[in-house]
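# Inside the fold
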Amino acid sequence: MVTEVKRVKLTSSEGTEFQVDRNVAERSVLLKNMLDDVGESDCAIPLPNVTGPILTKVIEYCTHHKDDPPVSHEDEFKKGSEDIDDWDAEFCKVDQGTLFELILSANYLDIKPLLDLTCKTVANMIKGKSPDEIRRTFNIENDFSPAEEEQVKFENDWCEER
Amino acid sequence: MALALPELLTKIFKFLAEDKALYPALFVSRLWSICSGPILWRRIELIGNGGAFGEKYEIQLKKFMGVLDRKTKPIYAPSVRYLKITHYYELSNQVIEKIIKIFPNITHLDFKRTCGFDDTALIKISRAYPNLIHLNVFNNRGLTDHSISKLAKACNKLQYLEISWSGDVTDKSIYKIARSCYSLKHLGIGGGKSCITDKSICEISRFNPNIQSLNFNNCEKLTDATIHTLVGSYPDLRELDLSNCERITDIGIRQIAQCRNLEHLALNSLEFINDKTICIIVQSCPNIRYLNLEFCYVTDTVVEAIAQSCRNMEYLNIYGSESITDSSISKMVKKCSYIQELELGYCGLITDTAIKDVAQHLSNLKYLGLKYCVNISKEALDMLDPDLEIAIHRAISYLSSILHHVSHITGGTRGITGRSRSINLIGREFLTYFQSPRTLI
């Protein structure tokens, strides 16, 4: 009995074609649903929101995690930002632009573990920084007026930890 | 960019929801403020500790009251689900009204040991929060059947209701609660003034199948009949407090052994309990993590039984058990290594040997009660972790050397049923302790 490894074709936004095993592609819930609907077709699935380099990274992640057990539904508010394993940590050592693209792609393709991983990574970049440092890290403009800043401070500064 | 999308920003922030790591995000930009506020303040906790040193707490409270007084609601107000204000003695009806106005979606209210409001406020609470799941008004002392009954009817989704010592509460309220709150998992109705009888507990057992935890502390009218009812209706009971229920007998208590999944059991001041009964319970209920046997005058037999059966013990209180010796304590600490709080006050026969074993085996220990353990020397206490909270009563000449070694000394009152208050002995208070050590009994 030979089990055939089915391959699927994905096209990035620039038109580059990628061939992956079906079980790797199915780590994406979006692709899984599409493939279930389309059936045995040989057509390539277009992904206009995902560039070639990002798609390469996504496929790399899905290939490494292709045998992972299905994701269990955790209580949202019990998430912590530690416990990222070594391979995943290496995988996320990319520039900010790529990291954010990965978040957007994981969101679009509905790959929860990758989305969680990339969000956790960004969360770790925020942790422990002051507002100023955060703005510098992510190049965010401070759009508060002085009055608004006072208001936010007043409404929130009664908590214990500063 | 990903960080400009609110849903993704929210996802990222949820990973920082614990321990206020998200606080700086409030000040980064408008979008960040809007997204982080609701996550950060889903739970608002203003926890007093009942001591005289709550300056920080008072500042917090003042600021919180300031927020309530403003004309505009804070942006995160609709997201607040959980509000806890404890040990505050001036929470008036007016403040409750303000809270209701500003935070419309609360599901968990914890006002433990907070007072100042009465029936009027509770009735307003029950009207404002029909989806209330959790309510704690422990020790309020201002409430009566009138509001509790209305609360029961209006908030029928309640799962946790703690009204011990909340005021003049009688069977009447219990009947209403039984017939309304079908999802109830925890019910606490202890209290000196309570007129709770077996009949009302029977009603609870008829109508509330999901009960897992009960607090009957000081319900002096309950008899063995209640135990019989409980054991029959709630074989899966997890938590039970029967402290000071003097009409229950040793035979009645023994029935508790049938609730084999018990995790939390308090039998304070039930002097008539035999060692045999406690041993039977302990042997039948290996999952017990919290066991309060204060003034039950247990002997080594019981402690050895605990050592054999309850490896998951985290809190053990045998205050007053004067006949306990080193041998059983040593055996126990070797087997029950997860203990975090150990109360051995008045166990006068304990010596340094036991302390040595405690130091060696209880790596998770946070509190050790040793009042009136006169056979313990300075050297033994030196072996303990310097960060450990210790309760002692010692001669004046010894105190000064101890202060090098302990960071908090607890002057708890009789009847330690949980965490004792910790008082930093500095300045004036130190002298008071010196001058009249007996007042700390």
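Residues numbered from 1 in each chain as written. Chains lettered and ligands numbered in written order. Predicted model: local features only at pLDDT ≥ 70, side-chain atom pairs only at ≥ 80, totals over all residues. Heavy atoms only, no water.

## Side note on unusual backbone geometry
Residue and element names in this part refer to chain A.
- With a phi angle near 60°, D110 is a residue other than glycine that sits in the positive phi range.
- The phi torsion at N139 lies on the positive side, around 55°, for a residue other than glycine.
- Position of N139 among the secondary structure elements: in the loop between α7 (131–138) and α8 (146–156).
- N139 sits in the exposed class, given a relative accessible area of 71%. (Helix = DSSP H or I, 4+ residues; strand = E, 2+ residues; numbered from the N terminus. Buried < 20%, exposed > 50% of the residue type's maximum accessible area, 1.4 Å probe, protein only.)

## A word on the nonpolar core
- If you look at the biggest cluster of nonpolar residues, it comprises 176 residues, and the most contacted ones within it are B:W32, B:I85, B:F103, B:F216 and B:L242.
- Here this core takes seven residues from helix α6 (residues 112–126) of chain A, the largest share from any one element.
- Apart from residues lying up to four places away in sequence, B:I85 is in contact with B:L46, B:Y57, B:L61, B:F64, B:L91, B:I99, B:D110, B:F111, B:K112 and B:T114. (Core = buried A, V, L, I, M, F, W, Y, C linked by side-chain atoms within 4.5 Å. Contact = heavy atoms within 4.5 Å.)

## Looking at the packing of helix α4 (residues 93–102) of chain B against helix α5 (residues 119–128) of chain B
Residue and element names in this part refer to chain B.
- Orientation of α4 relative to α5, taken along the N-to-C sense of each, is 10°, at an axis distance of 9 Å. On the basis of the axis angle, α4 is roughly parallel to α5. Along its contact with α4, which presents N93, I96, E97 and I100, the element α5 presents T120, A121, K124, I125 and A128.
- In terms of residue class, the contact of α4 with α5 is made up of five nonpolar, two polar and two charged. (Axes fitted to C-alpha atoms, helices over the stretch in contact; angles between N-to-C directions. Parallel < 35°, antiparallel > 145°, perpendicular 65-115°, else oblique. Nonpolar A, V, L, I, M, F, W, Y, C, P; charged D, E, K, R; others polar.)

## Here's the deal with the confidence of the model for chain B
Residues and elements named next belong to chain B.
- Confidence in the prediction of chain B, expressed as mean pLDDT, is 84, and 86% of residues score 70 or more.
- Note on residues 395–401: pLDDT is under 50 here. Beyond four places in sequence and across chains, it has eight contacts.
- Confidence over residues 404–441 falls short of pLDDT 50; this stretch has 70 contacts with residues more than four positions distant or in other chains.
- For this predicted complex, the interface confidence comes out at an ipTM of 0.84, alongside a pTM of 0.75. (pLDDT = per-residue confidence, 0-100.)

## Here we look at the sheet that holds strand β3 (residues 44–46) of chain A
Residues and elements named next belong to chain A.
- Overall, mixed pairing links the three strands, which are arranged β2-β1-β3 in an open sheet. In this open sheet, the two strands that pair with only one neighbour each are β2 (17–21) and β3. Each strand axis lies, on average, 30° off the axis of its neighbour in the sheet, ignoring direction.
- As judged from the five bridges shared by strand β1 (residues 7–11) and β2, these two strands associate in the antiparallel manner. Looking at the pairing, R7 lines up with D21 of β2.
- Lying on the sheet, helix α3 (residues 52–64) is in contact with β1 and β2; it crosses β2 at an angle near 5°. (Pairing = 2+ DSSP bridges.)

## Quick notes on the interface of chain A and chain B
- Taken together, the 42 residues of chain A in the interface contact 40 residues of chain B.
- Together chain A and chain B conceal approximately 4,000 Å² of surface at their shared face, both sides included; 70% is due to carbon and sulfur atoms.
- On the surface where chain A and chain B come into contact, there are two salt bridges.
- Applying the counting rule to chain A against chain B returns six residue pairs in polar contact (both at pLDDT 80 or more).
- Secondary structure elements with two or more residues in the side of chain A that touches chain B: α5 (96–109), α6, α7 and α8 of chain A. (Buried area = accessible area lost by both parts, 1.4 Å probe. Salt bridge = Lys/Arg side-chain N within 4 Å of Asp/Glu carboxyl O. Polar contact = N/O pair within 3.5 Å; in protein donor to acceptor, adjacent residues only side chain to side chain.)

## A few points about a positive patch on the surface
Residues and elements named next belong to chain B.
- Together, R127, K150, K153, K172 and K176 give the surface a local cluster of positive charge.
- Those elements that provide at least two residues to the positive patch are α6 (145–154) and α7 (171–180).
- Along the chain, K153 falls in helix α6. (Patch = residues over 30% accessible without salt bridge, like charges linked within 9 Å, V, L, I, M, F, W, Y side chains within 5 Å. Areas by Shrake-Rupley, 256 points an atom, 1.4 Å probe, with all protein chains shown as cover. Lys, Arg positive; Asp, Glu negative; His and termini not counted. Charge placed at Lys NZ, Arg CZ, Asp CG, Glu CD.)

## Some words on the environment of B:D382
- In this fold, B:D382 is placed in helix α15 (residues 378–382).
- The spacing of B:D382 and B:S126 is 256 residues in sequence and 53 Å in space, taken between C-alpha atoms.

## Details of α6(B)
- Where α6(B) is concerned, the buried positions are B:D145, B:S147, B:I148, B:S149, B:L151 and B:A152.
- Buried residues along α6(B) sit against α5, β4 (134–136), β5 (143–144), β6 (160–162), β7 (167–168) and α7 of chain B.

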